[in-house]
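# Structural overview for review
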Amino acid sequence: MTNKELILSVENLTKVFGGVVAVDNVSFTINKGEIFAVIGPNGAGKTTLFNMITGVLPSSSGNVYFQGNRLTRKKPYQIAQAGVTRTFQNLEVFDNMTVIENVMTGAHITMKTNILTAGLRLPTVVNEEVQTMERALQCLEDVGIAEFAYEMADKLPYGNQRLLEIARAAISKPRLILLDEPMAGLNAEESRQLVDVILKMRADGMTFLFVEHDMETVMSISDRIVVVDNGVKIGEGTPEEIYQNPQVVAAYLGDDDEEEGVAYA
Ligand SMILES: Nc1ncnc2c1ncn2[C@@H]1O[C@H](COP(=O)(O)OP(=O)(O)OP(=O)(O)O)[C@@H](O)[C@H]1O
C-alpha cells in the first residue's frame, strides 16, 4: 500500500482481571483503508482487546490513539463520536423494531436532536429525522438489504441480520469499524455476501479491524494480521508471513502438516 496514513495506534495495551492477564502489553498500528485481523485461540484476549479499544472496558495500562487523539479512558459514545464503531460477537438487533429503525438507532451519536427539541417537534428535528431515514436507507442499500427496510428485524435471516448490524455501524459515518467474529454462524453464501460488503466498503475508504475464527476468510481478505495467544502478541504480518511464522503455526494454526503448509480451514 502506498501513502500509508496511520489511523489507529494501540500501544502496550494491558488488561488484568484479578490475577488473570487477559491482554499483555499488546501494540500494533493500523493504516487507513486496511483490513486488519486479530486472531488467536479461545480465551486469547481478542474480545478484551476490542472492549478496551472501544471504551467498553478500561485498560489496566497502555494507550489507544485514533487519528492522533488519545481514546484511553474515553466513554464508548465519545469513541463512537470520534469515528470508531463496532459490532458485537452476538447479534445485537432490536427484535421489536423494523430493519430501518434498527439502522437509525446507530445515528443517534451524530444527531443534534435532544429531548427538548424533539418534544417541541421543531422543523430542524423533523428535517434531521428525514435525513437520518434517507441515510439509513442508503446504508441498507450499501449492504444489499434495502428491500427489507420496513420488515421487522427479527424476521430477517441470520446473515441479513449481520448485514443490518454493519449498516447500523456505518450510519454514524465512522472511519474505523470493528467487527467481532462477523462470520460466526453464517453459511457459505452469507459469508461470501458479507465479505463482498466489507471489500466494497473498504474500496470506498473504510478501515476494518476484525476478530475472526474463520481462517479462510481471515487469510483471504486481511492486509495484515496480529496473532495473540494467552494475551500476548506472538506474531504480526501479512497472511503469507503469518502462514509461515513457526511460532504462530505451533501455537495456533497447528503444525501437523508443516511439510505441505498449514491446514487452517
Ligand atoms: N470480565 C472478565 N472477568 C474476568 N476474566 C475475564 C473477563 N473477560 C474475559 N476474561 C478472561 O480473559 C481472558 C481473555 O478473554 P477474551 O474473551 O478476551 O478472549 P477471546 O480471545 O475473545 O476468546 P474467544 O475467542 O473465545 O471469544 C480469558 O481468560 C477470560 O476468561
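See the structure shown above.
Heads up: these notes are all about the structure in this document. Computed from a prediction, not measured in an experiment: that's the story for all the values here. (Residues numbered from 1 in each chain as written. Predicted model: local features only at pLDDT ≥ 70, side-chain atom pairs only at ≥ 80, totals over all residues. Heavy atoms only, no water.)

## Description of the site of the ligand
Gly 43, Gly 45, Lys 46, Thr 47 and Thr 48 are the nearest of the 13 residues found near the ligand. Contact between the ligand and Thr 47: an oxygen atom at 2.8 Å from a main-chain N or O atom of the residue. In the environment of the ligand, an oxygen atom lies 2.5 Å from a nitrogen or oxygen atom belonging to the side chain of Thr 48. Surface burial for the ligand is 60%, taken as the share of its 640 Å² of free accessible area covered by protein chains. With three residues, helix H1 (residues 46-53) is the largest single contributor of residues to the shell around the ligand. Residue classes in the shell around the ligand are distributed as four nonpolar, seven polar and two charged. (Near = heavy atom within 4 Å. Polar contact = N/O pair within 3.5 Å; in protein donor to acceptor, adjacent residues only side chain to side chain. Areas by Shrake-Rupley, 256 points an atom, 1.4 Å probe, with all protein chains shown as cover. Helix = DSSP H or I, 4+ residues; strand = E, 2+ residues; numbered from the N terminus. Nonpolar A, V, L, I, M, F, W, Y, C, P; charged D, E, K, R; others polar.)

## Thoughts on the packing of aromatic side chains
The geometry of an aromatic ring pair is captured by two quantities: the separation of the ring centres and the angle between the planes. Applying the stated rule across the entire model yields one aromatic pair. With 5.1 Å between their ring centres and 15 degrees between their planes, Phe 28 and Phe 36 make a pair best called stacked. This pair shows no difference in class: Phe 28 is buried, exactly as Phe 36 is. The residue whose ring lies beneath Arg 86 is Phe 88, and the NZ or CZ to ring-centre distance is 4.0 Å. (Phe/Tyr/Trp six-rings, centres within 6.5 Å; stacked < 30°, edge-to-face > 60°. Buried < 20%, exposed > 50% of the residue type's maximum accessible area, 1.4 Å probe, protein only. Lys NZ or Arg CZ within 6 Å of the ring centre and 35° of its normal.)

## Quick look at the pattern of salt bridges
Per the stated rule, a full pass over the model turns up nine salt bridges. When the shortest N-O distance is used, the salt bridge between Glu 236 and Lys 233 registers 2.5 Å. The network of salt bridges with common partners includes Glu 34, Arg 224, Lys 233 and Glu 236. (Salt bridge = Lys/Arg side-chain N within 4 Å of Asp/Glu carboxyl O.)

## Re unusual backbone geometry
With phi around 60 degrees, Asn 25 is a residue other than glycine that occupies positive phi space. For Asn 25, the location among the structural elements is in strand S2 (residues 20-31). Here Asn 25 falls in the partly exposed class, since its relative accessible area comes to 44%. The phi torsion at Gln 67 lies on the positive side, around 50 degrees, for a residue other than glycine. Turning to its location among the elements, Gln 67 is positioned in the loop between strand S4 (61-66) and strand S5 (69-70).

## A closer look at helix H6 (residues 158-170)
The terminal C-alpha atoms of H6, which comprises 13 residues, lie 19 Å apart, in line with the 18 Å expected from a rise of 1.5 Å per residue. Of all the 13 residues making up H6, 12 are buried; the element is thus mostly covered by neighbouring parts of the structure. Of all the positions in H6, only Gly 159, Asn 160, Gln 161, Arg 162, Leu 163, Leu 164, Glu 165, Ile 166, Ala 167, Arg 168, Ala 169 and Ala 170 are classed as buried. (Expected span 1.5 Å × (residues − 1).)

## Notes on the layout of surface pockets
Approximately 500 Å³ is the volume attributed to the largest pocket. Taken together, the elements giving at least two residues each to the lining of the largest pocket come down to helix H2 (76-82), strand S6 (84-86) and H6. Element by element, the count of residues in the lining of the largest pocket is highest for H2, at four residues. Class assignment of the residues belonging to the lining of the largest pocket gives a composition of 10 nonpolar, seven polar and four charged. Summarising the domain contributions, the lining of the largest pocket has at least three residues from each of domain 1 (1-83 + 174-265) and domain 2 (94-172). The space that makes up the second largest pocket amounts to roughly 280 Å³. Of all the secondary structure elements, the ones that give two or more residues to the lining of the second largest pocket are helix H5 (123-143) and helix H7 (188-203). (1 Å grid on protein atoms, 1.4 Å probe; cavity = no way out; pocket = protein on both sides within 12 Å on 5 of 7 lines; lining within 4 Å. Points joined across faces, edges and corners; volume = space filled by probe spheres on them. Domains from an automatic or database assignment.)

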